[in-house]
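Survey of secondary and tertiary structure
Chain residues, written in single-letter form:
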Amino acid sequence: MVEVRLGATLRSKAGGRETFEVEAGTIMQVLRQLGERYPELKPILDKGVAVAIDGRLYRNAQLQKVPEGAEVYLMPRVAGG
């Protein structure tokens, strides 16, 4: 089981809920489960989000393993130059 926390923008698409517990072994599985629970969140998740696992940031790493008991933080990607 991992704890998933949503940033403020994503939280509004999940009915205001901030934290979730999910059974997931990879980032892809975390995103899939959240998208199934909250269809309004799915388009944002499909577009791409920044993911931090226990404070370490991952991008484009859907197959990254998520350790049991980890804290996963999701936030919208920030464009920049």
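Thoughts on the pattern of salt bridges
Once the charged atoms of two side chains with opposite charge are near each other, the side chains can pair. The final tally for this structure, using the stated rule, is 4 salt bridges. Salt-bridge contacts for Glu18 lead to Arg5; the nearest nitrogen and oxygen are separated by 3.5 Å. Highlighted residues: Glu18 in the loop between α1 (8-11) and β2 (19-22) and Arg5 in strand β1 (residues 2-6), separated in sequence by 13 residues. Among the residues examined, Glu18 registers a relative accessible area of 34% and is labelled partly exposed. With a relative accessible area of 26%, Arg5 lands in the partly exposed category. Ionic pairing is found between Asp46 and Lys42, a salt bridge with its closest N-O pair at 2.8 Å. With Asp46 and Lys42 both in helix α3 (residues 42-47) and 4 residues apart, this pair spans about one turn of that helix. Owing to a relative accessible area of 39%, Lys42 belongs among the partly exposed residues under this scheme.

Quick notes on unusual backbone geometry
For Asp54, which is not glycine, the phi dihedral falls at a positive 50 degrees. We classify Asp54 as exposed; its relative accessible area is 52%. The backbone phi angle of Asn60 is positive, close to 50 degrees, even though this residue is not glycine. Position of Asn60 relative to the elements: it lies in the loop between β4 (56-58) and β5 (71-76). Residue classification places Asn60 among the exposed residues on the basis of a relative accessible area of 66%.

Notes on the packing of aromatic side chains
One pair of aromatic rings is described through two measures. These are the centre distance and the angle between the planes. Counted according to the given criterion, the structure contains 1 aromatic pair. Pairing Phe20 with Tyr38 gives two aromatic rings, centres 5.3 Å apart and planes at 65 degrees, and the pair type is edge-to-face. With Phe20 in strand β2 and Tyr38 in the loop between α2 (27-37) and α3, the pair connects residues that are 18 residues apart, well separated along the chain. Comparing Phe20 with Tyr38, the two get one shared label, buried.

Some details on the sheet that holds strand β3 (residues 49-53)
The sheet built from 5 strands is open, its strands ordered β2-β1-β5-β3-β4 with mixed pairing. Two strands lie at the open edges of the sheet, namely β2 and β4, each paired on one side alone. Direction aside, the axes of adjacent strands within the sheet are offset by 25 degrees on average. In terms of strand pairing, β3 meets β4 through 3 bridges, oriented antiparallel. Looking across to β4, one finds that Ala52 is bridged to Leu57. Together, β1, β2, β3, β4 and β5 form the strand contacts of α2, whose direction differs from that of β2 by roughly 115 degrees.

Reading the values: rules and limits
Residues numbered from 1 in each chain as written. Predicted model: local features only at pLDDT ≥ 70, side-chain atom pairs only at ≥ 80, totals over all residues. Heavy atoms only, no water. Salt bridge = Lys/Arg side-chain N within 4 Å of Asp/Glu carboxyl O. Helix = DSSP H or I, 4+ residues; strand = E, 2+ residues; numbered from the N terminus. Buried < 20%, exposed > 50% of the residue type's maximum accessible area, 1.4 Å probe, protein only. Phe/Tyr/Trp six-rings, centres within 6.5 Å; stacked < 30°, edge-to-face > 60°. Pairing = 2+ DSSP bridges. Axes fitted to C-alpha atoms, helices over the stretch in contact; angles between N-to-C directions. Contact = heavy atoms within 4.5 Å.

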